[in-house]
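The chain contents come next:
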Amino acid sequence: MRLRSGVLAAGCLLLQAMGVAIFLRGFFPMAVRARPRGGPPGDGPAEPAPPGSGAVSNWSAMPPPLFRKVVLVLIDALREDFVFGPKGKQFMPYATQVIEKGTSYSFVAEAKPPTVTMPRIKALMTGSIPGFIDVVVNLNSPALLDDNLIWQAKTAGKRIIFYGDDTWVKLFPKHFVEYDGTTSFFVSDFTEVDDNVTRHLDRVLKREDWDLLILHYLGLDHIGHVTGPNSPLVGPKLREMDNILKKIHISLLSKEGEASLPSLLVVCGDHGMSETGSHGGSSEGEVHTPLLFISSAFEKRSGPLTQPELVQQTDLASTLAVGLGLPISRNSVGTLILPVVGGKTMREQLRFLHLNGFQLSRLLEENTPAYEKDPGYEQFKIAEKSHGNWIKLYLEGNNSEILMNLGKKVLKQYLEALKTLSASLSKQVAQYDMYSMMVGTVIVMEVLLLLLLSVPKALSSRAEFEVPLSPSLFSLLFYLMCLVLCAVHVIVCTSAESLCYFCSMSWLTALGVMMLISALMCGILSAIGKILENSRLPVKNPVVSSSSWSEVDVLMLAGTIGHVLSLGASSFIEEEHQTWYFLINTLCLALCQELCRNHFLLKECDPQHGISLKQNFDGIGETSDCKNIDVPASGNSKLDKVASSAEFIKGSDKWISLASPWIILICCRLLRSLNQTGVQWAHRPDFGHWLTSSEHKSELSFLAAVSLVMIFFLVQRRCSLVSKIAMALGLLGVYSYRAAIGNVVFPWQHDSKDISKGITEARFVYVFVLGIVFTGTKDLLKSQVISADSSVKSTGLWEVYSGLVLLAALLFRPHNLPVLVFCLLIQTMMTKYIWRPLKCDAAQITIMHYWFGQAFFYFQECSSSGPWLFLLRSHAFNSSCHLHPSGNRPALPPLHMECLLAKAALRGSACVHHSRDLLVLHSHGPEPLSESARLTENTRAVHSSAQRYAVCH
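Residues numbered from 1 in each chain as written. Predicted model: local features only at pLDDT ≥ 70, side-chain atom pairs only at ≥ 80, totals over all residues. Heavy atoms only, no water.

**Quick word on the overall build of the protein**
- If you tally the helices and strands in the protein, you get 36 helices and 10 strands.
- Within the protein, counting contacts between residues at least 6 apart in sequence, those at least 24 apart form 76% of the total.
- Of the roughly 44,300 Å² that the protein leaves accessible, carbon and sulfur atoms contribute 62%. (Helix = DSSP H or I, 4+ residues; strand = E, 2+ residues; numbered from the N terminus. Contact = heavy atoms within 4.5 Å. Areas by Shrake-Rupley, 256 points an atom, 1.4 Å probe, with all protein chains shown as cover.)

**So, the packing of aromatic side chains**
- Applying the stated criterion across every chain yields a total of 20 aromatic pairs.
- Aromatic pair Trp580 and Trp851: ring centres 6.2 Å apart, planes at 65 degrees, arrangement edge-to-face. Residue Trp580 is located in helix H24 (residues 576–605), and its partner Trp851 is located in helix H33 (residues 842–859); the two are separated by 271 residues in the primary sequence. Each member of the pair, Trp580 as well as Trp851, is classed as buried.
- Judged by centre distance (5.3 Å) and plane angle (15 degrees), the ring pair of Tyr581 and Phe859 falls under stacked. Here Tyr581, found in helix H24, pairs with Phe859, found in helix H33; they are 278 residues apart in sequence, far enough to count as distant. Here Tyr581 and Phe859 have matching classes, each one buried.
- By the ring-pair criterion, three or more aromatic residues cluster together here, those being Phe162, Trp168, Phe172 and Phe176. (Phe/Tyr/Trp six-rings, centres within 6.5 Å; stacked < 30°, edge-to-face > 60°. Buried < 20%, exposed > 50% of the residue type's maximum accessible area, 1.4 Å probe, protein only.)

**Some points on the pattern of salt bridges**
- As enumerated under the stated definition, the model contains 17 salt bridges in all.
- Among the salt bridges present, the one from Lys247 reaches Asp202, with a minimum N-O distance of 3.3 Å. One end of the pair, Lys247, is in helix H11 (residues 234–254); the other, Asp202, is in helix H9 (residues 201–205), and 45 residues separate them in sequence.
- We classify Lys247 as partly exposed; its relative accessible area is 34%.
- Residue Asp202 is classed as partly exposed on the basis of its relative accessible area of 45%.
- Lys237 serves as the salt-bridge partner of Glu240, at 3.0 Å between the closest nitrogen and oxygen. Within this pair, Glu240 and its partner Lys237 are both found in helix H11, separated by three residues, close to a single helical turn.
- With relative accessibility at 24%, the residue Glu240 sits in the partly exposed group.
- Of the residues examined, Lys237 reaches a relative accessible area of 5% and is grouped as buried. (Salt bridge = Lys/Arg side-chain N within 4 Å of Asp/Glu carboxyl O.)

**Some remarks on a nonpolar patch on the surface**
- Together, Leu721, Ile725, Leu729, Leu732 and Phe764 make up an exposed nonpolar region whose accessible area comes to about 480 Å².
- Examining the composition of the nonpolar patch, we find that four residues originate from one element, helix H29 (residues 721–740), more than from any other.
- When you line up the elements, Ile725 lands in helix H29. (Patch = residues over 30% accessible without salt bridge, like charges linked within 9 Å, V, L, I, M, F, W, Y side chains within 5 Å.)

**Some remarks on the nonpolar core**
- Of all hydrophobic cores here, the largest spans 72 residues; its most connected members are Ile711 and Phe852.
- Apart from residues no more than four positions distant in its own chain, Ile711 is found in contact with Met727, Leu731, Val805, Ala809, Leu820, Val821 and Leu824.
- One finds Ile150, Leu212, Leu316 and Leu353 within the second-largest nonpolar core, a separate group that totals 68 residues. (Core = buried A, V, L, I, M, F, W, Y, C linked by side-chain atoms within 4.5 Å.)

**Brief notes about the confidence of the model for the protein**
- Averaged over all residues, the pLDDT of the protein is 77; the fraction at 70 or higher stands at 75%.
- The model gives residues 542–547 a pLDDT under 50, and that stretch makes five contacts with residues more than four places away or in other chains.
- Note on residues 608–635: pLDDT is under 50 here. Beyond four places in sequence and across chains, it has 28 contacts. (pLDDT = per-residue confidence, 0-100.)

**Examining unusual backbone geometry**
- Between Pro113 and Pro114 the backbone carries a cis peptide bond, its omega angle lying at 10 degrees.
- The topology assignment puts Pro114 in the loop between strand S3 (104–110) and helix H5 (117–126).
- Not every positive phi belongs to a glycine, and Lys174 is a case in point at roughly 65 degrees.
- Phi at Lys839 takes a positive value of approximately 55 degrees, unusual for a residue other than glycine.

**Observations regarding the state of the cysteines**
- Scanning the entire structure with this criterion turns up one disulfide.
- The disulfide partner of Cys493 is Cys503, and the gap between their sulfur atoms is 2.2 Å. Its S-S torsion of approximately -85 degrees makes the covalent link between Cys493 and Cys503 left-handed. On the criterion of sequence distance, the pair formed by Cys493 in helix H19 (residues 472–495) and Cys503 in helix H20 (residues 501–504) is long-range, its members being 10 residues apart. (Disulfide = S-S within 2.5 Å.)

**What about the pairing of strand S2 (residues 70–75)?**
- Counting buried positions over the six residues of S2 gives six, a clear majority of the element.
- The side-chain alternation of S2 yields two buried faces, one formed by Val70, Leu72 and Leu74 and the other by Val71, Val73 and Ile75.
- Bridge analysis of S2 against strand S6 (residues 212–217) gives six bridges, and the strand direction is parallel. Its bridge partner lying in S6, Leu72 is registered against Ile214.
- Relative to strand S7 (residues 264–268), S2 runs parallel, the two being bridged by five bridges. Each bridged residue has a counterpart across the sheet, and for Val73 the counterpart in S7 is Val267. (Pairing = 2+ DSSP bridges.)

**What about the packing of helix H22 (residues 551–566) against H33?**
- Closest axis-to-axis distance for the H22/H33 pair is 11 Å, and the angle between their directions is 45 degrees. With respect to H33, the axis of H22 lies oblique. Crossing handedness for the pair H22 and H33: left-handed. Together, Val552, Asp553, Leu555, Met556, Gly559, Thr560 and His563 of H22 and Gln844, Ile847, Met848, Tyr850 and Trp851 of H33 make up the contact between the two elements.
- Within the contact of H22 with H33, the residues separate by chemical class into seven nonpolar, four polar and one charged. (Axes fitted to C-alpha atoms, helices over the stretch in contact; angles between N-to-C directions. Parallel < 35°, antiparallel > 145°, perpendicular 65-115°, else oblique. Left-handed = near helix turned anticlockwise from the far one by under 90°. Nonpolar A, V, L, I, M, F, W, Y, C, P; charged D, E, K, R; others polar.)

**Quick notes on H33**
- Between its first and last C-alpha, H33 extends 25 Å over 18 residues, near the 26 Å set by a 1.5 Å rise per residue.
- Most of H33 sits inside the fold, with 13 of its 18 residues counted as buried.
- Among the residues trailing H33, Glu861 stands out with phi positive, at a value near 80 degrees. (Expected span 1.5 Å × (residues − 1).)

**So, the sheet that holds S2**
- As summarised here, the arrangement of the eight strands in space is S5-S4-S6-S2-S7-S8-S3-S9, forming an open sheet in which the pairing is mixed. Where the open sheet ends on each side, the last strands, each with one partner, are strand S5 (178–182) and strand S9 (309–312). The average angle at which neighbouring strand axes cross in this sheet is 20 degrees, direction not considered.
- Bridging between S7 and strand S8 (residues 288–294) involves four bridges; their strand directions are antiparallel. Bridging across to S8, Val267 finds its partner in Leu292.
- Together, S2, S6, S7 and S8 form the strand contacts of H11, whose direction differs from that of S7 by roughly 165 degrees.

**Topic: the environment of Ala153**
- On the secondary structure map, Ala153 appears in helix H6 (residues 149–155).
- For Ala153, a relative accessible area of 1% corresponds to the buried category.
- As a C-alpha pair, Ala153 and Ala321 span 168 residues in sequence and 8.5 Å in three-dimensional space.
- If we skip the residues at most four places from it in the chain, Ala153 touches Lys158, Ile160 and Leu326.

**Description of the environment of Arg717**
- Structurally, the position occupied by Arg717 is in the loop between helix H28 (697–715) and H29.
- Relative accessible area serves as the criterion here: at 26%, Arg717 is assigned to the partly exposed category.
- Distance in space between the C-alpha atoms of Arg717 and Trp798 is 9.3 Å, their sequence separation being 81 residues.
- Separated by 2.4 Å, the side chain of Arg717 and the backbone oxygen of Leu714 make a polar contact. (Polar contact = N/O pair within 3.5 Å; in protein donor to acceptor, adjacent residues only side chain to side chain.)

**Section: the packing of H28 against helix H31 (residues 790–811)**
- One way to put it is that H28 packs onto H31 with a least axis distance of 11 Å and a crossing angle of 170 degrees. Accordingly, the angle class assigned to the pair H28 and H31 is roughly antiparallel. Across the interface between the two elements, Leu708, Ile711, Leu714 and Val715 from H28 touch Trp798, Ser802, Val805 and Ala809 from H31.
- Split into classes, the residues belonging to the contact of H28 with H31 amount to seven nonpolar, one polar and no charged.

Take a look at the structure:
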């Protein structure tokens, strides 16, 4: 059975999508969820019944609230050391005084990755651990439908007011009696984003028509994204937060004399920040946040200050639910923070712990088939039985020391059971479905290997691929593999303790997947057999013939596969930049070797090399004829000068080509020194930190100006005059925008009083971006509809490309503009001096784009500090836009536009296709040949057996 290359590619794409879907279904663990139960949400379990026939406890209702009002102040990206470290003592004196000598309890809350705002809000309010899939919807948060503290409070009649990050408004629509949401996307705003929250405080603190007040401040997070945790802006922002906490605490204390219950002030962070100011990963600075409970109900601190105890961030939901007299969320895996209720009686404390344990044991029962064997469940049942004995003594009126000692023992049993239950449930969230992951990986790898083996055929539009369905040998192998895989499936699915996704499929669907895997394996074996069979055939011309796989091809294949395998280890993910730095350095050395062989060895070994050079020179002559350059017959000296000039240019190009890999190596080494990245290296000083410091703003301004000028000269060469002017004005607007927000300075600007938001300047640049892109699009439409002029199409493509480069220059940080310059420079050098001399095909160019794109991603100070980044990452050479937690902007517009530019140029130049469609990137835009010259050149190339590839001049 034969398939066209397009059908084969479409089928492989569908199979790849199916394999990736199965893998992701196993990779993203399912969150622990409770089954929906009937009855009002206020229902809860009664106290454990005392032993004996007919004995019943007299406390079956939910406990009353412990606090009259609760104020939750969430400071985005508040790190632990910002409160408990030297910065806290210096910039937050009131909070430090309350922690050391006031009525408060302080803890370090550990957040589970991904440390992004929306999943952290879910964890705080539901007590559950969101999965990595929540990162995908972080930018467009849907309404939260799970049982949560906000819904419980609203159902119980609590009045909730919210001010701050509008993510809360999206997660909890129609839950607040009053709210004012602020957007978090304008990261350069450090002041107004918090002032919009604080401006409501004086008014709302005087009112009595609320029970829960939530404030979410974003300014500190914005400062971290733009300038990092060691910025001089962090101190004033912490002092501002300290004054706000002081105002709220004093206001709550002033009204407690009139009420029977005290109020509670809770201060926490949703996540921290790394040493570069980003978040999302699992470094200590990102996962450890302060958690403060401040209330007059607590005992005043005395004695030496101890290190804050480590708790889980999910514990806040259970603790606040008990404090407000609400049921604990059904999906919560958190435990009660006992010191918060430590001032209550022993019976109340045991009652609170029993409610928490009952909720956790029910959740474990609904998500684990063998829940009865779980150590936490067994410990809870023992504690519950001891609790019943304690209630029996209590109801009998026994007030001796035995009752107190038994109560402490039961308290300790409950705490151990809660800790074990929470750990068991949390482990389920991080437990991967390995069987589904393996099935998806096998499908993806088989399709990838099949594509690699058929690349020479698949690149041709008329090629056909033979699918081995008829040979008896492979039919027998097919059935044997099906039987083996089905047997493995039965063994895995019947012996698994917990159900996996692939085992939950119907047997017919599973059989179809097994048959697919077997068929792909047979196809791979058939392709390998044909390759081995062809390799044994005698070679007619051993001098000219060579292996279809060069050292560069083997390197790119091995490097790509090796990188994919390295992603199985967290250490390689966190330091992934080192992998790409090594690969591009090795690639440059391999390209240098290939260029030396192409320029020196082939000249001696290939007898057709002279013919090829002669035809190339003839092509230059014909191109000159097409341009109507008159060469008189009597002017032989002029002809000699033209020939010698062409030889000189060709010789200089050869030496530039040989030097190009080494120049690229030097450029990459300089870029590595610009920004440190990775978990182990990000905190180390680099040239970027030196430039962004306030003392070196003049040097940064000079570097940014030079970079913008270089961008103009690298991009404008093939644009129309109007686009060139728009590009120049747009780049001037980029510098003006950076000066407006205070990153750089104009020579005549000596103070910062004129610093603004830069909105006008940014809009100015966006107008030019849209104008350039619109002009390019107009030329593209003109070339397709009105005329088939290839030069118009080439200009249009280049103008669209230039507009995207201008957009990237606007969104880059000022000290990262050299990254964009080097990216454009390396791309130009590789196009003219590496890809063209080596006659690289489309597959090779694509893989090189991918490798260098990965490296330039890390040159911008981006990092893989969290294993979720691979979902969001875009690549510098071949992608569009990337939103990164550290504040980095789009890496580069899609440079596959260069391939389209080259394709348009090929249609109007002396480029000949012989055995396959080959994209050759051209960086100068050749003049189109006349029709007669093109026919002459095509005829010569078709009849020349040595001309195997297209050579453009």
